[in-house]
Amino acid sequence: MAELRSSGWPGLTVRNVARRAGVAPATAYTYFASREHLVTEVFWQRIRSLGTAPVAPGSTAAERVTAALAPVLDLVAGEPELSAACTVAMLSEDPEVRRVRDEIGAHWSMRIREAVARDANDAQVLTIESAFSGLLLRAGMGHMPYGDLPACIAEVAAVTFPNPQGTR
């Protein structure tokens, strides 16, 4: 993260990260196939370490899914350099990036499915997943601030789960 903060995405190299970490570039490349892979792995490690937001008893499906995604949204808002780099890195066709990207997507899906449990159908879950990914991409492209994401996902959740029972 220190190297990403100082050099930004355009200047980030595995070689420079290795130098900052005090290891040989060959050692770094043993673990990371590319800078895209490195950034995606760092993001994945951060996501895996996130807890869950508290949810009040009797919360609606919209409130629960918004709370479930809040820690991820706090992460991307709090680490804008990492988030912007991930916008580019995670779109890579590098097989290692693809593998990690699939793990991240499965984790987001699990967060959403656990939050809405039996109050949602597959189409509603897909709607939230698609909106979440799209909003992250939109912020990563600079079309909106990362800080606006929580309100946007709350709006999407409210439209997706319009009544207090969380079903249509």
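First, a word on what this report is: a plain description of the structure on this page.

## Here's the deal with the overall build of the chain
When you go through the chain residue by residue, the secondary structure sums to nine helices and zero strands. N-terminal to C-terminal, the α/β element order of the chain is α-α-α-α-α-α-α-α-α. Burial status across the chain gives 40% buried among its 168 residues. Within the chain, residue pairs in contact and separated by at least 24 positions form 68% of the contacts whose partners lie at least 6 positions apart. Summed over its atoms, the accessible surface of the chain is roughly 8,700 Å², and 58% of this surface lies on carbon and sulfur atoms. Charge separation in the chain, taken as the distance between the mean sites of 16 positive and 18 negative side-chain charges, equals 3 Å.

## Some details on the packing of aromatic side chains
For the coordinates displayed, the defined rule picks out one aromatic pair. Ring centres of Trp 108 and Phe 132 lie 4.9 Å apart, and the angle between their planes is 85°; on these two criteria the pair is classed as edge-to-face. Taken together, the residues Trp 108 in helix α7 (residues 95–116) and Phe 132 in helix α8 (residues 122–140) connect sequence positions 24 residues apart. Side by side, Trp 108 and Phe 132 carry an identical accessibility label, which is buried.

## Remarks on the pattern of salt bridges
Applying the stated rule across the entire model yields ten salt bridges. Of the charged contacts, one joins Arg 35 and Glu 36 as a salt bridge, the two residues approaching to 3.8 Å between their closest N and O atoms. Here Arg 98 and Glu 93 are joined by a salt bridge, their closest N and O atoms 2.9 Å apart. Relative accessible area serves as the criterion here: at 33%, Arg 98 is assigned to the partly exposed category. Accessibility expressed as a relative area gives 56% for Glu 93, which makes it exposed. Through salt bridges with shared partners, a single ionic network connects Glu 41, Glu 96, Arg 99 and Glu 103.

## So, the layout of surface pockets
A probe as big as a water molecule, rolled over the atoms, marks out the empty space that is left. Considered as a void within the structure, the largest pocket measures approximately 370 Å³ in volume. Residue lining of the largest pocket: 16 residues in total, with Met 90, Trp 108, Ser 133, Leu 136 and Leu 137 positioned closest to the centre. For the lining of the largest pocket, the secondary structure elements donating two or more residues are α6 (80–89), α7 and α8. Broken down by class, the residue content of the lining of the largest pocket amounts to ten nonpolar, four polar and two charged. When its volume is computed, the second largest pocket comes out at roughly 150 Å³. In terms of lining, the second largest pocket is formed by 13 residues, of which the most central are Thr 52, Ala 68, Arg 111, Glu 114 and Ala 115. If you list the elements that add at least two residues to the lining of the second largest pocket, you get α5 (61–78) and α7. Residues belonging to the lining of the second largest pocket are distributed by class as follows: seven nonpolar, three polar and three charged.

About the cut-offs
- Residues numbered from 1 in each chain as written.
- Predicted model: local features only at pLDDT ≥ 70, side-chain atom pairs only at ≥ 80, totals over all residues.
- Heavy atoms only, no water.
- Helix = DSSP H or I, 4+ residues; strand = E, 2+ residues; numbered from the N terminus.
- Buried < 20%, exposed > 50% of the residue type's maximum accessible area, 1.4 Å probe, protein only.
- Contact = heavy atoms within 4.5 Å.
- Areas by Shrake-Rupley, 256 points an atom, 1.4 Å probe, with all protein chains shown as cover.
- Lys, Arg positive; Asp, Glu negative; His and termini not counted.
- Charge placed at Lys NZ, Arg CZ, Asp CG, Glu CD.
- Phe/Tyr/Trp six-rings, centres within 6.5 Å; stacked < 30°, edge-to-face > 60°.
- Salt bridge = Lys/Arg side-chain N within 4 Å of Asp/Glu carboxyl O.
- 1 Å grid on protein atoms, 1.4 Å probe; cavity = no way out; pocket = protein on both sides within 12 Å on 5 of 7 lines; lining within 4 Å.
- Points joined across faces, edges and corners; volume = space filled by probe spheres on them.
- Nonpolar A, V, L, I, M, F, W, Y, C, P; charged D, E, K, R; others polar.

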